[in-house]
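Inside the fold
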Amino acid sequence: MSFCFGENLGETDDHKVDPKREWEREFVIAVPNTAPQTFSFFDEDRVRIPMESNYVVTSRYTWWNFVVLNLWDQFHEVANLYFLFVGFLQLFPAISTTQGVPDTYIPLSFILTVSAVRAAIDDYAKHKDDNTRGALPFLVFCPKTAESNPAKTK
């Protein structure tokens, strides 16, 4: 990672620092989802200092929002919306060749089910990987003592 800190970075012939952007990063690091966990450590005076956790969540779904978010994602695809609309039109016998039976809902439900199972398996693997990586020890830097102390998130 490279951050642009203005005068600390120094100017070279191929890299000039813009004074208006001296505290901006050179590029953006996208983290999908950070967990709302807090972490604290004790300084040398045994005073608890709160800080953000380094635990990162890369999974998209939880057990309670899977159905809603997955259907939201699936119906953002044009083909799924098309078959949903055609199935809706098939409900009217006057304009339907299926006598009011929405036949397109059968393949649509199959596609949605297979896509949901695939998304669930992928997201479960991400949850397991997040838990494995979140349990790894890391060092916490104490600015007062200039020492790094080992810690764990979970």
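Residues numbered from 1 in each chain as written. Predicted model: local features only at pLDDT ≥ 70, side-chain atom pairs only at ≥ 80, totals over all residues. Heavy atoms only, no water.

Topic: the packing of helix 1 (residues 66-74) against helix 3 (residues 105-134)
One way to put it is that helix 1 packs onto helix 3 with a least axis distance of 11 Å and a crossing angle of 120°. Taken together, the axes of helix 1 and helix 3 are oblique relative to one another. By crossing handedness, the relation of helix 1 to helix 3 is classed as right-handed. Residues F66, N70, L71 and Q74 of helix 1 pack against L112, S115, A116, A119 and A120 of helix 3. Residues belonging to the contact of helix 1 with helix 3 are distributed by class as follows: 6 nonpolar, 3 polar and no charged. (Axes fitted to C-alpha atoms, helices over the stretch in contact; angles between N-to-C directions. Helix = DSSP H or I, 4+ residues; strand = E, 2+ residues; numbered from the N terminus. Parallel < 35°, antiparallel > 145°, perpendicular 65-115°, else oblique. Left-handed = near helix turned anticlockwise from the far one by under 90°. Contact = heavy atoms within 4.5 Å. Nonpolar A, V, L, I, M, F, W, Y, C, P; charged D, E, K, R; others polar.)

Regarding the packing of aromatic side chains
In this structure the tally under the stated criterion is 3 aromatic pairs. Ring centres 5.3 Å apart and planes at 75° place the aromatic pair Y82 and F83 in the edge-to-face group. (Phe/Tyr/Trp six-rings, centres within 6.5 Å; stacked < 30°, edge-to-face > 60°.)

Things to note about helix 2 (residues 78-89)
Here helix 2 is 12 residues long and its end C-alpha atoms lie 16 Å apart, about the 16 Å a rise of 1.5 Å per residue gives. Among the residues making up helix 2, those that are buried are N80, V86 and G87. Buried residues of helix 2, seen end-on, are gathered within an arc of 125° and therefore sit on one face of the element. Those residues of helix 2 that are exposed and angled more than 90 degrees off the buried face are V78 and Y82. Looking at the buried positions of helix 2, the neighbouring elements they touch are helix 1 and helix 3. (Expected span 1.5 Å × (residues − 1). Buried < 20%, exposed > 50% of the residue type's maximum accessible area, 1.4 Å probe, protein only. Arc of directions from axis to C-beta.)

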